[in-house]
Amino acid sequence: MRTMTYERSGRTNTAAQALRLTGLEHLSVLEQGEVVSERELTAHEVRTLMPLLEEVGRQPAPVVLVPQAGGPDSLAVTLAFEDEESPRVRLATERLPATGAGPLYDLLLWELDALLTRELHTRAPRHAHVVLPHELRQEE
């Protein structure tokens with residue numbers, strides 16, 4: 001297996017966030033191009049991703065992919081293999097996970113986006129903050 005990168009960026013992210021899979025064994029999470037965490041893929045993750053990546057690998061690589069222009073309210077998603085000249089998928093989307101690249105790629109993008117989101121949440125969990133009614137009152 002080769003190295004593949006899934007990247008998302010846009011209005012809801014403070015910086016580009018990416019997931020790099022090396023040989024379907026090693027996972028790296030990047031923010032603004034810097035590695036923020038690394039680990040080996042679990043057996044479950046390999047079983048989930050392997051058939052999708054094998055099928056995508058059988059698809060012909062695009063010669064040149066024209067990027068979709070995204071507006072200020074859209075997100076950009078890119079899926080690329082290290083040894084290919086052009087990304088396999090480059091989409092502008094209103095929400096994640098991105099869709100519109102075809103059934104196979106949409107399913108792969110969904111899996112990769114969920115994996116990246118889990119990894120980022122594990123690294124820096126976001127907790128809801130409860131505001132109690134008495135905290136809303138102004139002090140007199």
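Residues numbered from 1 in each chain as written. Predicted model: local features only at pLDDT ≥ 70, side-chain atom pairs only at ≥ 80, totals over all residues. Heavy atoms only, no water.

Peer 1: Residue-level account of the pairing of strand S5 (residues 75-81), with values.
Peer 2: With five of seven residues buried, S5 is to be regarded as a mostly interior element. Inspection of the sheet shows S5 paired to strand S6 (residues 89-93) by five bridges, in the antiparallel sense. Across the sheet, the residue bridging to Val77 is Leu91, located in S6. (Buried < 20%, exposed > 50% of the residue type's maximum accessible area, 1.4 Å probe, protein only. Helix = DSSP H or I, 4+ residues; strand = E, 2+ residues; numbered from the N terminus. Pairing = 2+ DSSP bridges.)

Peer 1: Break down the nonpolar core for me, citing the residues and quoting the values.
Peer 2: In this structure, Leu79 and Leu112 are the most contacted members of the largest nonpolar core, which totals 26 residues. When neighbours within four sequence positions are excluded, Leu79 is seen to be in contact with Met4, Thr5, Tyr6, Pro87, Arg88, Val89, Tyr105, Leu108, Leu109 and Leu112. (Core = buried A, V, L, I, M, F, W, Y, C linked by side-chain atoms within 4.5 Å. Contact = heavy atoms within 4.5 Å.)

Peer 1: Give me the lowdown on the packing of aromatic side chains, citing residues and values where you can.
Peer 2: In the structure shown here, the tally under the stated rule is zero aromatic pairs. Between the NZ or CZ atom of Arg2 and the centre of the ring of Phe81, over which it lies, the distance is 4.2 Å. (Phe/Tyr/Trp six-rings, centres within 6.5 Å; stacked < 30°, edge-to-face > 60°. Lys NZ or Arg CZ within 6 Å of the ring centre and 35° of its normal.)

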